[in-house]
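Here's the letter readout for the chains.
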Amino acid sequence: MKGLPELKRSLNTRYVIVFGLSFMAPVTVFSTYGIAIDRTHGMIPTAYIIALIVMLFTSYSYAKMVQVYPTTGSAYTFVQKGINSHLGFLVGWVILLDYLFSPMISALLFGIMVNAYFPGIPIVAVIISFIIAVTAINIFGIKVAANVNTFLVIFQFLFIMIFSLLCINGLLAGKGTGELFSKDPFFSPAVNINNLLSIVPLLCFSFLGFDAVTTLAEETKNPKKTLPKAIYATTLIGGLLFVAATYFAQSIFPNFNAFKNPDTAIVDIMIYTGGNFLNSLFISVVVTSATASAIASGGSGARILYAMGRDNVLPKRIFGYVSPKFQTPIFNILIIACIAMSAVFLDIATATSFINFGALFAFTFVNLAVLFHYFVRQKQRAPKSIILYVLLPLIGTGITIWFMTKLDIHSLALGITWMTVGFIYLLYLTKMFKERPPELNFAEQKEEFDVKLVQ
């Protein structure tokens, strides 16, 4: 590994958890509220509990694989090393959809929100300014990005706390259900189970922060211990916030049939709960959450590109380059910024279609990678090992495959098209599968990593 550029190992557990939560953007729970409340017949907290349980299976697989391969490539590395290098390339290629287009979605949401309240400012100017600011933060270093995101995530936590306290005050005053503790948000006899389960795949995308966490493996101190903790913490904290926020929203405004427009349902709740003050605060926190999410997703995407560039899967001179001054993959950050500029030409529906397929595809094969690495290759086949390395990963695999069947036709079409392009590129790299794809010599990297730990 001598001569290869390196990322700076400077993050502790707290920073990594904050990074994952900023990618999740906890207040986005309100963005999907209107759609989810109708399809769950008022049982959004239950839907989020199901989503949390489902995602814990996959986060378990991520935690197991990052203990073995603590490198920045995330799902790309886990599948490449755990199953097969060709499949690893395809997984890395497909999950790039999430990281390349997530900053673009954040930029678009930011532009729409600001333009709605300040129509005199052109939306194009807002989007471009937003992308420039986020790009600069990511270029200046992961510690700078982590510090900025810490502030933005704290703001989101404070908002959810203020919202919850105002809801509690309203409930005690007789608003909504008039009960602080109620089973109604968790169970409705009128709910259609198929409708309830059909919304779970959409809600699962709110938990993508645990994937982003693993992209920081080479910038985290003691990643084999730190990252599994951060993966579980990110998933659990995010899940509990989602459940609490939707419980209070449903309790304070139980008549979901009264919403005139599902897209603005949460605005009605904010005004009813806390008047213009809470609504204005909500607008502010949505804007800052878009910033935090763009910083996290752009930084993670740049590091996946870096892993593929370092492996020479993508041109190493560009994608494997790390700035000597900032110790960040500066070219990759700029490439993602250029892609984010496409927000000027797209709408939300089209933009979000890009990311749905990639996450589930990657989740499926990371789950399988646990089975292949521990059970097949390491031959850990005791009764306990069968539960840990066969049963749990297979449950995660089955769930994610089932979710893929629930994706809309646009997500499937875009995802399969992107995967086909990657497959053609893989044929070129391997000369029609006559050669293995270029890949990192992990044994050499691990030896160097262990030496650094001793030093």
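The written sequence of each chain sets the order in which its residues are numbered from 1. Selection of residues for local features in this predicted model requires a pLDDT of at least 70, selection of side-chain atom pairs for listing and counting requires 80 or more, and totals for whole chains, interfaces and linings are taken over all residues. Heavy atoms from the whole structure form the basis of all side-chain values; hydrogens and water molecules are not counted.

- An unreviewed UniProt entry lists the chain under the name Amino acid permease, from Peribacillus simplex.
- UniProt positions are given in the numbering used here, feature names are shortened, and annotations may be inferred rather than shown by experiment. Regarding the chain, the relevant UniProt record gives this comment under Subcellular location (unreviewed entry): "Membrane".

Topic: the overall build of the chain
- For the chain, the count of helices and strands is 18 helices and zero strands.
- What you see for the chain is a C-alpha radius of gyration of 22 Å, in line with the 23 Å of a compact globule of 455 residues.
- Seen through its C-alpha atoms, the chain measures out along the principal axes to roughly 65 × 55 × 45 Å.
- A simple rule labels every residue: compare its accessible area, found with a 1.4 Å probe on the protein chains alone, to the largest value its type can have, and call it buried under 20%, exposed over 50%, or partly exposed in between. Split into buried and exposed, the 455 residues of the chain put 58% on the buried side.
- Only heavy atoms enter the contact rule, under which two residues are in contact if any of them lie within 4.5 Å. For the chain, restricting intrachain contacts to residue pairs at least 6 apart in sequence, the fraction spanning at least 24 positions comes to 82%.
- Put simply, the chain shows about 18600 Å² of open surface, and 68% of that area lies on carbon and sulfur atoms.
- We count Lys and Arg on the positive side and Asp and Glu on the negative side, and we leave His and both chain ends out. Charge coordinates come from a single atom per side chain, which is NZ of Lys, CZ of Arg, CG of Asp or CD of Glu. Charged side chains of the chain number 30 positive and 19 negative; the gap between the two group centres comes to 8 Å. The secondary structure listing takes helices from DSSP runs of H or I that are at least 4 residues long and strands from runs of E that are at least 2 residues long, numbered from the N terminus. With C-alpha atoms as the basis for the radius of gyration, the globule rule is written as 2.2 Å multiplied by the number of residues raised to the power 0.38. Accessible surface area values rest on a Shrake-Rupley calculation with a 1.4 Å probe, where residue burial reflects the displayed protein chains alone.

Examining the side chain of serine 300
- On the secondary structure map, serine 300 appears in helix H11 (residues 265-310).
- Among the residues examined, serine 300 registers a relative accessible area of 0% and is labelled buried.
- A 3.5 Å cut-off defines polar contacts: any pair of N or O atoms within that distance qualifies, except that in protein one atom must be a possible hydrogen donor and the other a possible acceptor, and neighbouring residues in sequence count only when both atoms are side-chain atoms. One polar contact links the side chain of serine 300 to the main-chain carbonyl oxygen of alanine 296, over a distance of 2.9 Å.

Brief notes about the nonpolar core
- Counting 144 residues, the largest nonpolar core has Phe30, Tyr62, Phe159, Phe163 and Phe207 as the members making the most contacts within it.
- When residues no more than four places from it in sequence are discounted, the contact partners of phenylalanine 163 are Phe30, Ala245, Phe248, Ala249, Ile269, Met270, Thr273 and Leu278. Nonpolar core, defined: a set of buried Ala, Val, Leu, Ile, Met, Phe, Trp, Tyr and Cys residues in which side-chain atoms within 4.5 Å join the residues together.

Side note on the pattern of salt bridges
- For salt bridges, the criterion is a side-chain nitrogen of Lys or Arg within 4 Å of an Asp or Glu carboxyl oxygen. Going through the model one piece at a time under the given rule, you end up with three salt bridges.
- For the salt bridge of lysine 183 with aspartate 184, the shortest nitrogen-to-oxygen distance reads 3.8 Å.
- The exposure class of aspartate 184 is partly exposed, given its relative accessible area of 41%.
- With a shortest N-O distance of 2.7 Å, glutamate 218 and arginine 310 are connected by a salt bridge. Of this pair, glutamate 218 sits in the loop between helix H9 (209-214) and helix H10 (223-252) while arginine 310 sits in helix H11, and the two are 92 residues apart along the sequence. In this pair, the class of glutamate 218 matches that of arginine 310, namely buried.

Notes on empty space enclosed by the protein
- Grid spacing is 1 Å over the protein atoms alone, the probe is 1.4 Å, and a cavity is where that probe fits but cannot get out, while a pocket is an open set with protein on both sides within 12 Å along at least five of seven lines and lining residues have an atom within 4 Å of a point. Grid points are joined across faces, edges and corners, and a volume is the space filled by probe spheres set on the points. Here the structure, examined in full by the defined rule, presents two cavities of 30 Å³ or more.
- Its boundaries defined by the atoms lining it, the largest cavity holds a volume of some 100 Å³.
- If you go around the largest cavity, you meet 13 residues; those closest to its centre are Pro103, Val134, Thr135, Ile336 and Ala337.
- Put simply, the parts of the chain that give the lining of the largest cavity at least two residues each are helix H6 (123-139), H11 and helix H13 (330-340).
- The leading source of residues in the lining of the largest cavity is H6, at five residues.

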